[in-house]
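The residues making up each chain are set out below.
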Amino acid sequence: MRRIIIAIDGHSSTGKSTAAKQLAGHLDYVYVDTGAMYRAIAFHALSSNLVENGSLDKQALIAALPGLAISFKLNPDTHKADVYLNGTNIEKEIRTLEVSNIVSPVAEISEVRAKLVEQQQAMGQERGIVMDGRDIGTVVFPNAELKVFMTAAPEVRAKRRYDELVQRGDQVTYEEIHKNVLQRDHIDSTREDSPLIQAKDARLLDTSEMSREEQFELLKKWAMETI
Ligand code: C5P
């Protein structure tokens, strides 16, 4: 069987990561969560005090980029790849609402995107990869054999993210999560560099009324048809 590149893009909290991870496991492919890479840079901006009153010092972040090395390493306990920044595991730290609130402004910076896109393209050289994000089918791998664009109603996505964070023990309200989801949709879709749009040759997957099992079954079917 030939090994292909599968690009999964879409809005935040549509279930992209879960579905992509499951699909990669099923095909014995590598899974890459590119959102984690943008979150790692956002985490650095926060922990280095480059954010003041919600406003990001873009120039200082651009200057810091050459010193930031992002990598993934399999966690033997969870069987998932954790994200590392300069050798430190920051998997838990990047999932907070604080990071979610600053990640889209960070991802608007062209220098940040150029650095991460280069690394993502290198990861796909061997093919046999499922990569999820916002610009995978449009910019990172425009020739990917299978492209999927996932979406769902904002209220459904906010509820999913809220349940996830509450389960982790985070103190958050549904209203602030809903606001963050809408804000990220807006910034991600309207930015100048690599905006979130459905690639012309991507298949649309609206998960509003689909169970995780149904999403996985459909993705598996599309993948098998393509391979
Ligand atoms: O996928 P996740 O919701 O974790 O992504 C966090 C943020 O990172 C997105 O809202 C978007 O601003 C940015 N991102 C991006 N391009 C990607 C992946 C994520 O701009 N390929």
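In every chain, residue numbers begin from 1 and rise along the written sequence. Confidence filtering applies because this is a predicted model: local features only for residues at pLDDT of at least 70, side-chain atom pairs given and counted only at 80 or more, and all residues used for totals across whole chains, interfaces and linings. Calculated side-chain values reflect all of the structure's heavy atoms, with hydrogen atoms and water omitted.

1. Topic: the packing of helix α4 (residues 97-107) against helix α8 (residues 174-190)
Phase 1 of the analysis: Two numbers describe how α4 lies on α8: the axes approach to 9 Å, and their chain directions differ by 15°. Between α4 and α8, the interaxial angle falls into the category roughly parallel. Note that α4 runs across α8; the crossing there is left-handed. Contact residues: α4 offers Leu-97, Ser-100, Asn-101, Val-103, Ser-104 and Pro-105, while α8 offers Glu-176, Ile-177, Asn-180, Gln-183, Arg-184, Ile-187 and Asp-188. For helices, the fitted line uses only the C-alpha atoms of the stretch in contact; every axis is such a line through C-alpha atoms, and the angle between N-to-C directions lies from 0 to 180 degrees. In this description a helix means any DSSP run of H or I spanning at least four residues, a strand means any run of E spanning at least two, and both kinds are numbered starting from the N terminus. These descriptions rest on fixed angle ranges, namely under 35 degrees for roughly parallel, over 145 for roughly antiparallel, 65 to 115 for roughly perpendicular, and the rest for oblique. Handedness of a crossing follows from how the near helix is turned relative to the far one, being left-handed for an anticlockwise turn of less than a right angle and right-handed for a clockwise one. The contact rule is simple, with two residues in contact once any of their heavy atoms fall within 4.5 Å.

2. As for the side chain of Asp-188
Phase 1 of the analysis: Residue position: Asp-188 is located in helix α8.
Phase 2 of the analysis: Within the local environment of Asp-188, its side chain forms a polar contact with the side chain of Arg-134, the two groups lying 3.4 Å apart.
Phase 3 of the analysis: Every residue in contact with Asp-188, bar those within four places of it in the chain, is listed here: Ser-104, Arg-134, Pro-195 and Leu-196. N or O atoms within 3.5 Å of each other form a polar contact, as long as, within protein, one can give a hydrogen and the other can take it, and as long as residues adjacent in sequence are counted only when both atoms are side-chain atoms.

3. Topic: the UniProt feature "binding site: ATP" (unreviewed entry) in the chain
Phase 1 of the analysis: UniProt positions are given in the numbering used here, feature names are shortened, and annotations may be inferred rather than shown by experiment. The UniProt record marks Gly-10, His-11, Ser-12, Ser-13, Thr-14, Gly-15, Lys-16, Ser-17 and Thr-18 with the feature "binding site: ATP" (unreviewed entry), using the residue numbering of this structure.
Phase 2 of the analysis: Summarising the element assignment, Gly-15 is placed in the loop between β1 (5-10) and α1 (16-27).
Phase 3 of the analysis: Other than its neighbours up to four places away in sequence, Gly-15 contacts Met-150, Arg-160, Arg-212 and Gln-215.
Phase 4 of the analysis: The residue Thr-18 is located in helix α1 in this model.
Phase 5 of the analysis: Under the relative-accessibility criterion, Thr-18 is labelled partly exposed at 31%. Partly exposed describes any residue whose relative accessible area lies between the buried limit of under 20% and the exposed limit of over 50%, with all areas from a 1.4 Å probe on protein chains only and scaled to the type maximum.

4. Observations concerning helix α2 (residues 34-47)
Phase 1 of the analysis: In a helix, the anticipated span is given by 1.5 Å times the number of residues less one. Between the first and last C-alpha of α2 there are 20 Å, a value that for 14 residues agrees with the 20 Å anticipated at 1.5 Å per step.
Phase 2 of the analysis: The buried fraction of α2 is high, at 10 of 14 residues.
Phase 3 of the analysis: Those residues of α2 not exposed but buried are Thr-34, Ala-36, Met-37, Tyr-38, Arg-39, Ala-40, Ile-41, Ala-42, His-44 and Ala-45.
Phase 4 of the analysis: Where α2 begins, one side-chain oxygen reaches toward the backbone nitrogen of Gly-35, 3.1 Å away; that side chain belongs to Asp-33.
Phase 5 of the analysis: Downstream of α2 by one or two residues, Asn-49 has phi in the positive range, about 60°.

5. Things to note about the sheet that holds strand β10 (residues 203-206)
Note: strands within a sheet are paired through backbone hydrogen bonds, in either parallel or antiparallel orientation.
Phase 1 of the analysis: A pair of strands is labelled paired if DSSP reports no fewer than 2 bridges between them. Strand order in this open sheet of 5 strands is β2-β8-β1-β9-β10, and the pairing throughout is parallel. Where the open sheet ends on each side, the last strands, each with one partner, are β2 (30-33) and β10. Each strand axis lies, on average, 20° off the axis of its neighbour in the sheet, ignoring direction.
Phase 2 of the analysis: In the sheet, β2 pairs with strand β8 (residues 129-133) via 4 bridges, with the strands oriented parallel.

6. With respect to the nonpolar core
Phase 1 of the analysis: Membership of the largest hydrophobic core comes to 35 residues, with the highest contact counts inside it found for Ile-41, Leu-61, Ile-70, Val-106 and Val-112.
Phase 2 of the analysis: With 7 residues, the single largest contributor to this core is α2.
Phase 3 of the analysis: Two domains each donate at least three residues to this core, and these are domain 1 (1-29 + 128-225) and domain 2 (35-126).
Phase 4 of the analysis: Apart from residues lying up to four places away in sequence, Val-112 is in contact with Tyr-38, Ile-41, Leu-61, Leu-65 and Val-106.
Phase 5 of the analysis: Residues grouped as a nonpolar core are buried Ala, Val, Leu, Ile, Met, Phe, Trp, Tyr and Cys residues, joined through side-chain atoms within 4.5 Å. With 18 residues, the next largest nonpolar core counts Tyr-29, Met-150, Leu-205 and Ala-223 among its residues. For the domains described, the bounds stem from an automatic or database domain assignment.

7. Regarding the packing of α1 against helix α9 (residues 212-226)
Phase 1 of the analysis: Close contact between α1 and α9 brings their axes to 10 Å; oriented N to C, the two are set at 50°. By the angle between their axes, α1 is oblique relative to α9. Relative to α9, the crossing made by α1 is right-handed. The segment α1 lies against α9, with Thr-18, Ala-19, Gln-22, Leu-23, His-26 and Leu-27 engaging Arg-212, Gln-215, Phe-216, Leu-219, Lys-220, Ala-223 and Met-224.

8. Digging into the sheet that holds strand β5 (residues 70-75)
Phase 1 of the analysis: With respect to topology, 3 strands assemble into an open sheet ordered β5-β6-β7, the strand pairing being antiparallel. Two strands close off the open sheet at either side, each with one partner strand: β5 and β7 (88-89).

9. Regarding the domain arrangement of the chain
Phase 1 of the analysis: The domain architecture assigned to the chain consists of domain 1 (1-29 + 128-225) and domain 2 (35-126).
Phase 2 of the analysis: A separation of 18 Å is found between the C-alpha centroids of domain 1 and domain 2.
Phase 3 of the analysis: Taken together, the contact pairs 26 residues of domain 1 with 23 residues of domain 2.
Phase 4 of the analysis: Summed over both sides, the interface between domain 1 and domain 2 buries roughly 1800 Å², with carbon and sulfur atoms accounting for 52% of that surface.
Phase 5 of the analysis: The buried area of a pairing is the accessible area, by a 1.4 Å probe, that goes missing from both parts when the two are put together, added over both. Interface area lost by domain 1 to domain 2 is led by Arg-168, Arg-191 and Asp-193, which between them contribute 26%.

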